[in-house]
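Inside the fold
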Amino acid sequence: MPRPQRHVFVCSQQRPPGHPRGSCAAKGASPLLQAFWAELQKRQAFEQVAITYSGCLGPCDGGPNVVVYPEGTLYQGVTTADIPELFDSHLLGGTEVERLKADGATW
Ligand code: FES
């Protein structure tokens, strides 16, 4: 397997109902992850992009959270509607999606 140009980690952390930190899973992380994988499949971009689920990335309030390496870009409040733009702009194009980036105080 060639090393991908970019690696996407989608927080899929679950927590019990009522937990004070909430969780990305409660905010739609599972369908988001499935949609990332579907877009990867649609584009056949397996040599450029890897998609992996992860545990808590830290700033739970703004989830669902997604971090992209090697840049270490944290995207917050990501929805399935954002995925084509993330692929076009950042994952395959190299330009971060400014409107989804966490603010400097968060990340
Ligand atoms: S639960 Fe997703 S960042 Fe903490």
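For the structure, see preceding data.
Now for a quick tour of the structure. (Residues numbered from 1 in each chain as written. Predicted model: local features only at pLDDT ≥ 70, side-chain atom pairs only at ≥ 80, totals over all residues. Heavy atoms only, no water.)

Take the overall build of the chain next. Check the secondary structure of the chain and you find two helices and four strands. Its C-alpha atoms give the chain a radius of gyration of 13 Å, near enough to 13 Å, the size a compact globule of 107 residues would have. Each principal axis of the C-alpha distribution contributes one length, and for the chain these read about 40 × 25 × 25 Å. Scored against the burial criterion, the 107 residues of the chain give a buried share of 41%. Of the roughly 5800 Å² of accessible surface on the chain, a fraction of 52% belongs to carbon and sulfur atoms. (Helix = DSSP H or I, 4+ residues; strand = E, 2+ residues; numbered from the N terminus. Rg over C-alpha atoms; globule rule 2.2 N^0.38 Å. Buried < 20%, exposed > 50% of the residue type's maximum accessible area, 1.4 Å probe, protein only. Areas by Shrake-Rupley, 256 points an atom, 1.4 Å probe, with all protein chains shown as cover.)

Glancing now at unusual backbone geometry. For the bond running from G63 to P64, omega is 0°, close enough to zero to count as cis. Turning to its location among the elements, P64 is positioned in the loop between β2 (49-54) and β3 (66-69). Residue P70 is bonded to the preceding Y69 through a cis peptide linkage, with omega at 20°. Along the chain, P70 turns up in the loop between β3 and β4 (73-75). Not every positive phi belongs to a glycine, and Q44 is a case in point at roughly 50°. Among the secondary structure elements, Q44 is positioned in the loop between α1 (29-43) and β2.

Of the residues making up helix α2 (residues 83-91), those classed as buried are I83, L86, F87, S89, H90 and L91. Tucked into the core, α2 has its buried residues touching β1 (6-11), α1, β2, β3 and β4. (Contact = heavy atoms within 4.5 Å.)

The next thing to look at is the environment of G62. Among the structural elements, G62 can be located in the loop between β2 and β3. Residue classification places G62 among the partly exposed positions, given a relative accessible area of 23%. Here the alpha-carbon distance between G62 and T106, two residues 44 residues apart in the chain, equals 9.2 Å. The contacts of G62, once residues within four sequence positions are left out, are K27, Q76 and G77.

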